Amino acid sequence: MTTRFEFAMASPKEEQADMLDALERFARQRGLCPALRYRLGLIVDELVANCIAHGARPGRDLAVRVAVEDGEVSVGIEIVDDGPEFDPTSHPVSRCPEKGPDQVWGMGLCLVRNMAADIAYSRDKSVNRTRITLSKQGSNHATP
């Protein structure tokens, strides 16, 4: 049975921690294993943080919506934001960039791309829509 989690943020900077807590509760209730919960939380946290850091415009609020579907063989994530156009799939996936301690730009997206089974991006009118699939294969789905 597929179950859905949704969380809309009108002030993502202030609401991100509450959203992550609610997402963790959802993942635990669904019996997702710790490794899958970790990947789910890390990916959602990174993508929302990118929306906040790069999508905010002076004098305009940024809206971000997170939706997660827990299915039989995979977990689907959708992040929708109304910030400037940005395609996370355009970054290389093979290796994380080698940067010094003061230059970490791009590392989070590299982690996301390497943890996801699939990632897709589209621009729909004035919103970015990023869809990520996490495979449950190889994971112990239920927590003990």
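Scoring rules and cut-offs
- Residues numbered from 1 in each chain as written.
- Predicted model: local features only at pLDDT ≥ 70, side-chain atom pairs only at ≥ 80, totals over all residues.
- Heavy atoms only, no water.
- Helix = DSSP H or I, 4+ residues; strand = E, 2+ residues; numbered from the N terminus.
- Pairing = 2+ DSSP bridges.
- Axes fitted to C-alpha atoms, helices over the stretch in contact; angles between N-to-C directions.
- Contact = heavy atoms within 4.5 Å.
- Expected span 1.5 Å × (residues − 1).
- Buried < 20%, exposed > 50% of the residue type's maximum accessible area, 1.4 Å probe, protein only.
- Core = buried A, V, L, I, M, F, W, Y, C linked by side-chain atoms within 4.5 Å.

**Student:** Honestly, the environment of D18 in this entry has me stumped. Any pointers?
**Tutor:** Here D18 shows up in helix α1 (residues 12-29). In this structure the C-alpha to C-alpha distance between D18 and F7, which are 11 residues apart in sequence, comes to 9.5 Å.

**Student:** Could you clarify how one ought to interpret the sheet that holds strand β3 (residues 74-81) in this entry?
**Tutor:** Backbone hydrogen bonds hold the strands of a sheet together, and the pairing may be parallel or antiparallel. Spatially, 5 strands are ordered β1-β2-β3-β5-β4 in an open sheet, and the strand pairing comes out antiparallel. Each end of this open sheet is capped by a strand with a single partner; those strands are β1 (3-9) and β4 (118-124). On average, each strand axis in the sheet is inclined to that of its neighbour by 10 degrees, with strand direction left out of account. Direction of pairing for β3 relative to strand β5 (residues 127-135): antiparallel, over a ladder of 8 bridges. What sits directly across from V80, in β5, is R129. Strand contacts of α1: β1 and β2 (64-70), with the helix running at about 165 degrees to β1, the strand carrying the most contacts. Across the sheet, helix α2 (residues 34-55) is in contact with β1, β2, β3 and β5; its angle to β3 comes to roughly 10 degrees.

**Student:** How do you make sense of α2 when you look at a structure like this?
**Tutor:** Residue pairs three or four apart in sequence face the same way in an α-helix, which turns once every 3.6 residues. With 22 residues, α2 extends 30 Å between its outermost C-alpha atoms, agreeing within 8% with the 32 Å of an ideal straight helix rising 1.5 Å per residue. Where α2 is concerned, the buried positions are L36, R37, R39, L40, I43, V44, L47, V48, N50, C51, I52 and G55.

**Student:** Please clarify how the nonpolar core should be interpreted in this entry.
**Tutor:** Within soluble globular proteins, side chains that are nonpolar tend to cluster in buried spots. Among the nonpolar cores identified, the biggest contains 31 residues, and L40, V44, V48, V66, V68, I77 and I79 are the most heavily contacted of them. Among the elements that take part in this core, α2 stands out by supplying 8 residues, more than any other. With near-sequence residues (within four places) excluded, V66 lies in contact with F5, E6, F7, M9, M19, V44, V48, E78 and I79.

The analysis is restricted to geometry; functional conclusions fall outside its scope.
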